[in-house]
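As a plain string of letters, each chain reads:
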Amino acid sequence: MSGAEFDATVQTPQADPQPHSQRIPKQLHRIWVGPNPLPNAAVVLWEGFRALHPDWELTTWTEPIDPAAYELGRLFRSCQHPAQLADLLRIELLWQHGGVYVDVDCEAIRPFDPLLEHLLFIGANQGELQNAVIGSIPGHPGLRDVMDTLLEHKVLPPISVNEATGPILLTRVLGARPDITILPKESFFPWTWSEVPDRSLITDRTYVVQHWTLSWSKPSTRRRRIYGWVFTKWPIIGRLRASLRRPVLAKR
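What you see is a predicted model; the values in this text were computed from it and never measured.

Trainee: Describe helix α2 (residues 40-52), and please don't skip the residues or the numbers.
Mentor: In a regular helix each residue adds 1.5 Å, so 13 residues correspond to 18 Å; α2 covers 19 Å between its end C-alpha atoms and thus fits that length. Where α2 is concerned, the buried positions are Ala42, Leu45, Trp46 and Phe49. Projected down its long axis, α2 carries its buried residues within an arc of 105°, all on one side. Within α2, the exposed residues directed more than 90 degrees away from the buried face are Asn40, Val44 and Ala51. Elements that come into contact with the buried residues of α2 comprise β1 (27-32), β2 (57-62), β3 (99-102), β4 (106-108) and β8 (208-210).

Trainee: Provide a residue-level description of the pairing of β3, including the pertinent values.
Mentor: Both faces of the sheet carry side chains from a regular strand, because those side chains alternate between them. With 2 bridges joining them, β1 and β3 adopt parallel strand pairing. The residue of β3 that forms the bridge with His29 is Tyr101. As defined by bridge partners, β3 adjoins strand β6 (residues 128-136) across 4 bridges and the pair is classed as antiparallel. Bridge assignment links Val102 to a residue of β6, and that residue is Val133.

Trainee: Let's hear about the pattern of salt bridges: which residues, and what values?
Mentor: Overall, the coordinates contain 12 salt bridges when judged by the stated rule. Here Glu117 and Arg23 are joined by a salt bridge, their closest N and O atoms 2.2 Å apart. Separated by 94 residues along the polypeptide, Glu117 in the loop between β4 and β5 (120-125) and Arg23 in the loop between α1 (3-9) and β1 bring together distant segments of the chain. Judged by relative accessible area, Arg23 falls into the partly exposed class, the value being 42%. The closest approach of N and O atoms between Asp103 and Arg90, which form a salt bridge, is 3.2 Å. Linking Asp103 in the loop between β3 and β4 with Arg90 in helix α3 (residues 82-97), this pair joins segments that are 13 residues apart in sequence.

Trainee: Please give an account of the packing of aromatic side chains that cites residues and values.
Mentor: All told, the structure shown has 9 aromatic pairs when counted by the stated rule. With a centroid separation of 6.0 Å and 55° between ring planes, the pair formed by Trp46 and Phe49 is classed as tilted. Linking Trp46 with Phe49, this pair stays in helix α2, spanning 3 residues, or about one helical turn. Under the relative-accessibility criterion, Trp46 is labelled buried at 6%. When its relative accessible area of 1% is taken as the criterion, Phe49 is described as buried. The structure contains a cluster of three or more aromatic residues connected by ring pairs, namely Trp46, Phe49, Trp56, Phe112, Phe121, Phe188, Phe189, Tyr207 and Trp212.

Trainee: I'd like to hear about the packing of helix α4 (residues 141-150) against helix α6 (residues 167-174), residue by residue, with values.
Mentor: Their axes nearest at 10 Å, the elements α4 and α6 cross at an angle of 120°. In terms of orientation, α4 and α6 fall into the oblique class. α6 is crossed by α4, and the crossing has right-handed handedness. Judged by residue contacts, Gly142, Asp145, Val146, Thr149 and Leu150 of α4 engage Leu169, Leu170, Arg172, Val173 and Leu174 from α6. Among the residues making up the contact of α4 with α6, the classes are represented as 6 nonpolar, 2 polar and 2 charged.

Trainee: Any chance you could break down the packing of α3 against α4 for me, citing the residues and the numbers?
Mentor: Where α3 contacts α4, the axes come no closer than 9 Å and their chain directions differ by 135°. When the interaxial angle is binned, α3 and α4 end up oblique. The crossing of α3 and α4 is left-handed. Contacts from Leu88, Ile91, Glu92, Leu94 and Trp95 of α3 reach α4 at Leu143, Arg144, Val146, Met147 and Leu150. Counted by class, the contact of α3 with α4 contains 8 nonpolar, no polar and 2 charged residues.

Trainee: Describe unusual backbone geometry, with residues and values.
Mentor: Geometrically, the link from Glu63 to Pro64 is a cis peptide bond, its omega value of 5° lying close to zero. Residue position: Pro64 is located in the loop between β2 and α3. One non-glycine residue, Gln126, lies in positive phi territory at about 55°. Mapped onto the secondary structure, Gln126 falls in the loop between β5 and β6.

Thresholds, definitions, all that
- Residues numbered from 1 in each chain as written.
- Predicted model: local features only at pLDDT ≥ 70, side-chain atom pairs only at ≥ 80, totals over all residues.
- Heavy atoms only, no water.
- Helix = DSSP H or I, 4+ residues; strand = E, 2+ residues; numbered from the N terminus.
- Expected span 1.5 Å × (residues − 1).
- Buried < 20%, exposed > 50% of the residue type's maximum accessible area, 1.4 Å probe, protein only.
- Arc of directions from axis to C-beta.
- Contact = heavy atoms within 4.5 Å.
- Pairing = 2+ DSSP bridges.
- Salt bridge = Lys/Arg side-chain N within 4 Å of Asp/Glu carboxyl O.
- Phe/Tyr/Trp six-rings, centres within 6.5 Å; stacked < 30°, edge-to-face > 60°.
- Axes fitted to C-alpha atoms, helices over the stretch in contact; angles between N-to-C directions.
- Parallel < 35°, antiparallel > 145°, perpendicular 65-115°, else oblique.
- Left-handed = near helix turned anticlockwise from the far one by under 90°.
- Nonpolar A, V, L, I, M, F, W, Y, C, P; charged D, E, K, R; others polar.

Okay, structure coming up:
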């Protein structure tokens, strides 16, 4: 299925999902691992979540992380980047505890409470399921499938983070499941990583804005994001850059 076809299947869920015996618990999770200190901006963003979720339990999971406490722990040493470790942790933390996971660069717009009736919710963007925001009951079988897929390997395969542990993996494992709710782009991603942030794109169905810091990516990818912003905001710069890169034909 192409990205466009996948996006076309994503519909705004019904306000009242089919009744079931479980609800997503009021637990909010975020993860910060690696050598760098938590940015001040992330502290401010977290307070925004706290203000909108006064009766929720908020937890920041940070190091030291004991691999023995996790089924996926034997894969931790083969992570290419701290963000990949966070990919693994979010899946197992939601499997163990349930709740809602958010990346540290997410900004709270409205409370998650209306989404707690779903068994598992996740957002779609550009043809893939994104793992920046995931809500789930404990023990959801879709999360089990993701964990079992990961545990097929003794070490993580030497492929991109997105393929091994991120959106590409989640799309492949979860994309066709009938027991998850796939939310449309506007729910968590009003603009894409390469677009100029535009708060006019926030709607009454937006719960979170991800700010796409791309901490896991290569510097060249982050540069492309910056260039995308510049060229979208000032197209003349993009045209000038393109003209300067054209080959110059020698005069006869």
